[in-house]
Amino acid sequence: MTPTLTADRPDRTADRRRRAVRDRRRPARRSRTALPSTGPDAPDGPDGPLAVDPDAERSVRARREPMAVFALRSDDQYLVDTDGGSYVVDVGSDTCTCPDYGIRHRRCKHLRRVDMEIGIGRVPAPGERVAACAVCGTGVFVPARESGAFLCGDHRPAVGSFVRDREADKLLVVTGVTTTRADEYRTRDGTRISDYETNADYGDHEPVVEAVYVGNAVRSPGPLDVSGRRRYGFPASRLRRLAPNERPHTPVIGV
Ligand SMILES: [Zn+2]
Ligand SMILES: [Zn+2]
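Conventions used here
- Throughout this description, residue numbers start from 1 for each chain and increase along the sequence as written.
- Think of it this way: whatever chain is written first is A, whatever ligand is written first is 1, and the rest follow in order.
- pLDDT decides what is reported in this predicted model: residues at 70 or higher carry local features, side-chain atom pairs at 80 or more are listed and counted, and totals for whole chains, interfaces and linings draw on all residues regardless.
- Only DSSP runs of H or I with at least four residues qualify as helices, and only runs of E with at least two residues qualify as strands; both kinds are numbered from the N terminus onward.
- Counting other C-beta atoms within 10 Å of each residue's C-beta, where C-beta atoms are placed from the backbone, gives the exposure class: buried for 20 or more, exposed for 12 or fewer, partly exposed between.
- When DSSP finds two or more bridges between two strands, those strands count as paired.
- All axes here are fitted lines through C-alpha atoms, helices being fitted over the stretch that makes contact, and every angle between N-to-C directions spans 0 to 180 degrees.
- Any residue pair is listed as a contact if its two C-beta atoms, each placed from the backbone, are within 7 Å.
- By definition in this entry, angles of less than 35 degrees are roughly parallel, angles greater than 145 are roughly antiparallel, angles of 65 to 115 are roughly perpendicular, and the rest are oblique.
- With the far helix as reference, a near helix turned anticlockwise by less than a right angle produces a left-handed crossing, and one turned clockwise produces a right-handed crossing.
- In this classification, the charged set is Asp, Glu, Lys and Arg, the nonpolar set is Ala, Val, Leu, Ile, Met, Phe, Trp, Tyr, Cys and Pro, and all remaining amino acids, among them Gly, are polar.
- Note on terminology: a nonpolar core is any set of buried Ala, Val, Leu, Ile, Met, Phe, Trp, Tyr and Cys residues joined through C-beta atoms within 7 Å.
- As a per-residue measure, pLDDT reflects the predictor's confidence and takes values from 0 up to 100.

K.L.:
Tell me about the overall build of the chain, and name the residues and values.
P.N.:
Secondary structure summary: the chain contains four helices and 13 strands in total. By the burial criterion, 25% of the 255 residues in the chain qualify as buried.

K.L.:
Account for the pairing of strand β3 (residues 85–90), with residues named and values stated.
P.N.:
Pairing analysis gives six bridges linking strand β2 (residues 77–82) to β3, with the strands arranged antiparallel. Residue aspartate 81 lies in a different strand from β3, and its bridge partner there is serine 86. Linking β2 back to β3 in an antiparallel pair, the connection comprises two residues. Across two bridges, the pairing between β3 and strand β4 (residues 95–96) is antiparallel.

K.L.:
A description of the sheet that holds strand β7 (residues 162–165) should follow, citing residues and the corresponding values.
P.N.:
Across the sheet, which stays open at both edges, the five strands sit in the order β11-β9-β8-β7-β12 with antiparallel pairing between neighbours. Of all strands in the sheet, those bounded by a partner on one side alone are β11 (232–235) and β12 (239–241). If you compare each strand with its neighbour and ignore which way they point, the axes differ by 50 degrees on average. With three bridges joining them, β7 and β12 adopt antiparallel strand pairing. Bridging across to β12, aspartate 165 finds its partner in leucine 239.

K.L.:
Can you break down helix α2 (residues 54–64) residue by residue, with the values?
P.N.:
Regarding α2, the residues found buried are Arg58, Ser59, Val60, Arg61, Ala62, Arg63 and Arg64. Elements in contact with the buried residues of α2: α4 (109–119).

K.L.:
Tell me about the packing of α2 against α4, residues and numbers included.
P.N.:
In the contact formed by α2 and α4, the axes pass within 8 Å of each other and the chain directions differ by 60 degrees. Considering the angle they form, α2 stands oblique to α4. Handedness of the crossing formed by α2 with α4: right-handed. Here α2 contributes Arg58, Ser59, Arg61, Ala62 and Arg63 to the contact with α4, which in turn contributes Lys109, Arg112, Arg113 and Met116. Class assignment of the residues belonging to the contact of α2 with α4 gives a composition of two nonpolar, one polar and six charged.

K.L.:
Mind laying out the sheet that holds β2, listing which residues take part and the relevant values?
P.N.:
Taken in spatial order, the four strands line up as β1-β2-β3-β4 in an open sheet, and their pairing is antiparallel. Of all strands in the sheet, those bounded by a partner on one side alone are β1 (67–71) and β4.

K.L.:
Which residues make up α4, and what values go with them?
P.N.:
In an α-helix there are 3.6 residues to a turn, and that puts residues three or four apart on one side. Taking burial as the measure, the eleven residues of α4 include eight buried ones, the bulk of the element. Buried residues of α4: Lys109, His110, Leu111, Arg112, Arg113, Val114, Met116 and Glu117, and no others. Against α2, β1, β2, β3 and β4 lie the buried residues of α4. Glycine 121 sits one or two positions beyond α4 and adopts a positive phi of about 75 degrees.

K.L.:
So what's going on with the nonpolar core? Which residues, and what values?
P.N.:
Nonpolar side chains in soluble globular proteins tend to be buried together. In terms of nonpolar packing, the biggest core is built from 27 residues, with Ala134, Phe150, Leu172, Val173, Val209, Ala211 and Leu239 touching the most fellow members. By size, the runner-up hydrophobic cluster in this structure holds twelve residues, among which are Tyr78, Val89, Cys96 and Leu111.

K.L.:
Help me get a handle on the confidence of the model for the chain, residues and values and all.
P.N.:
The pLDDT averaged across the chain works out to 86; a share of 83% of its residues lies at or above 70. No element of the chain has a lower mean pLDDT than helix α1 (residues 12–25), at 44, and none a higher one than β4, at 98. The model gives residues 1–28 a pLDDT under 50, and that stretch makes one contact with residues more than four places away or in other chains.

K.L.:
Summarise the environment of arginine 156; cite the residues concerned and give the values.
P.N.:
Here arginine 156 shows up in the loop between β6 (139–143) and β7. Arginine 156 sits 53 residues away from valine 209 along the chain, and the two C-alpha atoms are 8.9 Å apart. Not counting residues up to four positions away in its chain, the partners in contact with arginine 156 are Leu151 and Val177.

Structure below.
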């Protein structure tokens, strides 16, 4: 007997429809989780005994209990969503709206949890906001009041590093990473970076990276001094970062 392909398959359409409804009902938020155990304050695993000292116990609970932390628009404030309720932590005044803080005025588990999440980069620190990398869309923390275009760690070249121009296949050294978009950054003659034909394949919204061509200079002995060289602007993704085995070993000075 040959089983038919659809024999045990649930009704996918109905399944999808149910899922769509569920997704719409679910708030667009990260769900409550514990933090991974890293410090000595949680040596016993999730079910082990809690520390006796009340403050140490608050720290253990801050890490182990399922919570979700969200940065609020107002500076220094975070919403902490827990199984027992939602509270607002203000890291500027070191206060929390929970009963533990209200009654005992101790640094409660919510305040501690916010500190931990800032420390591991899960939420922006005070004075920061989340922006999307102009190349891949990944969230990056940037100064709250700074506008413009930004890059994530994977797409932001280090100043002083070698990169390769994808159009001309030439080696350059990065001299600056701006936050100015390619369609706003103008060269000395007033042309926008995005208006150059060779930049047509790269995003107008990308930040401009400034770099100098190094030509054959990289083969001469001694450090490479780029101080006198003309700087050019490129949409970020036009410059390819180099793998470790592709990088010249020449030290760069004058950036
Ligand atoms: Zn609290
Ligand atoms: Zn990126």
